[in-house]
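# Examining the three-dimensional arrangement
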Amino acid sequence: MKRQLGLKYRLDPTPQQAARLRVLAGHARFVWNHALAECLAARERGERVPRYATMAGWVTTWKRQEATAFLTEAYTDNLQQKLRDLDTAWQRHFTPGLAADAPRFKKKGKSRDAIRFVNFPKYCRLDHRRVKLPAGLGWVRFRQSRPVEGRITSCTVGLDGGHWHISFQVEVELATPPRHPATAAVGLDMGVAHFAVDSHGTPHAGRNSFRQLEQRIATTQRRLTHKTRFSRNWKKQKARIARLHQKAANVRRDTFHKLSTTMCNNHAMVAIEDLRVRNMTTSAKGSLAAPGKRVKQKAGLNKAILDQGWFEFRRQLTYKQAWRGGLLVAVPPHHTSQTCPECGHVEAANRLSRASFCCQACGHADHADVVGARNILAKAHEQLSGQDLPVAPVK
Ligand SMILES: [Zn+2]
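Quantities reported herein were computed from a predicted structural model and do not represent experimental measurements.

## Focus: the sheet that holds strand 4 (residues 130-133)
Within a sheet, each strand pairs with its neighbour through backbone hydrogen bonds, oriented either parallel or antiparallel. Read from one edge to the other, the open sheet built from seven strands follows the order 2-6-7-1-5-4-3, with strand pairing classed as antiparallel. The open sheet has two free edges, formed respectively by strand 2 (114-117) and strand 3 (125-127), since each of these has just one partner strand. Neighbour-to-neighbour, the strand axes of the sheet open up by a mean angle of 35°, direction not taken into account. As judged from the three bridges shared by strand 3 and strand 4, these two strands associate in the antiparallel manner. Residue pairing in the sheet places arginine 125 in a bridge with lysine 132 of strand 4.

Right, dumping it as structure tokens:
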């Protein structure tokens, strides 16, 4: 069994190297945007969206044309990787059930600038705290905060929060398939006041820290409107906003990692609801003919779901369980909030409010999120004992 992981480090390029990185990233962005425009034009004409092989041919043509001849200075591998990403983005968009948005144009300074170097063993080299990159970059220093272990297959250089970073994609060979050391199982329900509540009754990860940051971002954003566009102060304010966004993203990712690690370390099976975020966000609005009920309440909940990054959390649980030889089971979300975990009675009236549950048949009362988590765990056990029921796919 092979374990794949990404190791990210802060890069310390010289001013010349940083300038070259900006050029390379600019070229890659240009190719993404131009290829995307061609794809959209093809769609407009009622044709299929071209695949990677076709797109790669465009680049050759662009290099010969005078207006886009600057692409000859680009690093071909970077451009090809961007086109592969674009192709993947389209294919994901066309895959039913994935709920992936169509690819969008990348804006300078707004979208994440990143370039990928594939075939690392052939074109790159690692030497203590520096890495040799092709495309005229040479040896670039990076801050090795932890050892780079395993076989490096590729690396990505990107600009985050004003700093260049490098991520090495490494492959580690595991001698035997792992066996999870724990025997316990847990159900997780997405909470309202908390990110998640487990079936033992413990709430996890309040989102106050994130809310505070959110408010600070809003305030900073408002101040921006009082400044003259492109003035020095406007630019400073812009940078402040970018830093806050970066911080918010870090806080969130960190919270998810801590929780998913705890859950996966202590439980051989983790059960969650198989939520499709896209479905939940569109259903609140309803259609023009059949407007949704309680749009406002649902919209509030939806926002919470979206910005709590349930999918990111699920992704982490999936790979962390796979590493340990544990299981992640996703169960269909029907009736998990209305079923009594004690007697099995199902009734909408069991759910008194968003927060409280009281069984109309046996009188069992608990916090609604805990009830949800217990039901999710019960469903997962049911699913595992049934042969034909699918286990959460490892993506
Ligand atoms: Zn009951």
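## Brief notes about the coordination of the zinc ion
Around the zinc ion, the protein contributes the donor atoms Cys340 (SG), Cys343 (SG), Cys359 (SG) and Cys362 (SG), at 2.3 Å from the metal centre. The motif formed by the donor residues of the zinc ion, counted along the single chain, is C-x2-C-x15-C-x2-C. Note that cysteine 340 is positioned in the loop between strand 12 (327-331) and strand 13 (356-358) and cysteine 359 in the loop between strand 13 and strand 14 (365-367), a separation of 19 residues in sequence. Of the two residues, cysteine 340 and cysteine 359, both sit in the buried class.

## Considering the packing of helix 1 (residues 15-44) against helix 3 (residues 76-94)
It is the contact of helix 1 with helix 3, at a shortest axis distance of 9 Å, that shows an interaxial angle of 40°. Classed by the angle they form, the pair helix 1 and helix 3 counts as oblique. Once helix 1 is placed against helix 3, the crossing between them reads as right-handed. Note on element contacts: helix 3 touches helix 1 through Asn78, Leu79, Lys82, Leu83, Asp85, Leu86, Ala89, Trp90, His93 and Phe94, opposite Leu24, His27, Ala28, Val31, Trp32, Ala35, Leu36, Cys39, Leu40 and Arg43. The class makeup of the residues in the contact of helix 1 with helix 3 is 14 nonpolar, three polar and three charged.

## Quick notes on the pairing of strand 6 (residues 151-160)
On a regular strand, each side chain points to the face opposite its neighbour's, so the side chains alternate between the two faces of the sheet. Across the ten residues that make up strand 6, a large majority, seven, are buried. Direction of pairing for strand 2 relative to strand 6: antiparallel, over a ladder of four bridges. The residue bridging alanine 114 from the neighbouring strand is glycine 158, located in strand 6. In this structure, strand 6 lies alongside strand 7 (residues 163-173), joined through nine bridges in antiparallel fashion. If you follow serine 154 over to strand 7, its bridge partner there is glutamine 169. Hairpin connection between strand 6 and strand 7: a loop of two residues separates the two successive antiparallel strands, and glycine 161 in this loop has a positive phi of roughly 55°.

## Considerations on the pattern of salt bridges
Side chains bearing opposite charge may pair, as long as their charged atoms lie close to each other. Under the definition given, this model contains 13 salt bridges. Across the salt bridge formed by arginine 51 and aspartate 87, the nearest N and O atoms sit 2.8 Å from each other. Remark: aspartate 87 occurs in helix 3 and arginine 51 occurs in the loop between helix 1 and helix 2 (52-64); sequence separation between them is 36 residues. The class for aspartate 87 is buried, based on a relative accessible area of 9%. When the shortest N-O distance is used, the salt bridge between arginine 104 and aspartate 101 registers 3.6 Å. Residue classification places arginine 104 among the exposed positions, given a relative accessible area of 60%. For aspartate 101, a relative accessible area of 45% puts it in the partly exposed group.

The rules behind the values
- Residues numbered from 1 in each chain as written.
- Predicted model: local features only at pLDDT ≥ 70, side-chain atom pairs only at ≥ 80, totals over all residues.
- Heavy atoms only, no water.
- Pairing = 2+ DSSP bridges.
- Helix = DSSP H or I, 4+ residues; strand = E, 2+ residues; numbered from the N terminus.
- Axes fitted to C-alpha atoms, helices over the stretch in contact; angles between N-to-C directions.
- Donors = N, O, S within 2.8 Å, 3.2 Å for Na, K, Ca; no water.
- Buried < 20%, exposed > 50% of the residue type's maximum accessible area, 1.4 Å probe, protein only.
- Parallel < 35°, antiparallel > 145°, perpendicular 65-115°, else oblique.
- Left-handed = near helix turned anticlockwise from the far one by under 90°.
- Contact = heavy atoms within 4.5 Å.
- Nonpolar A, V, L, I, M, F, W, Y, C, P; charged D, E, K, R; others polar.
- Salt bridge = Lys/Arg side-chain N within 4 Å of Asp/Glu carboxyl O.

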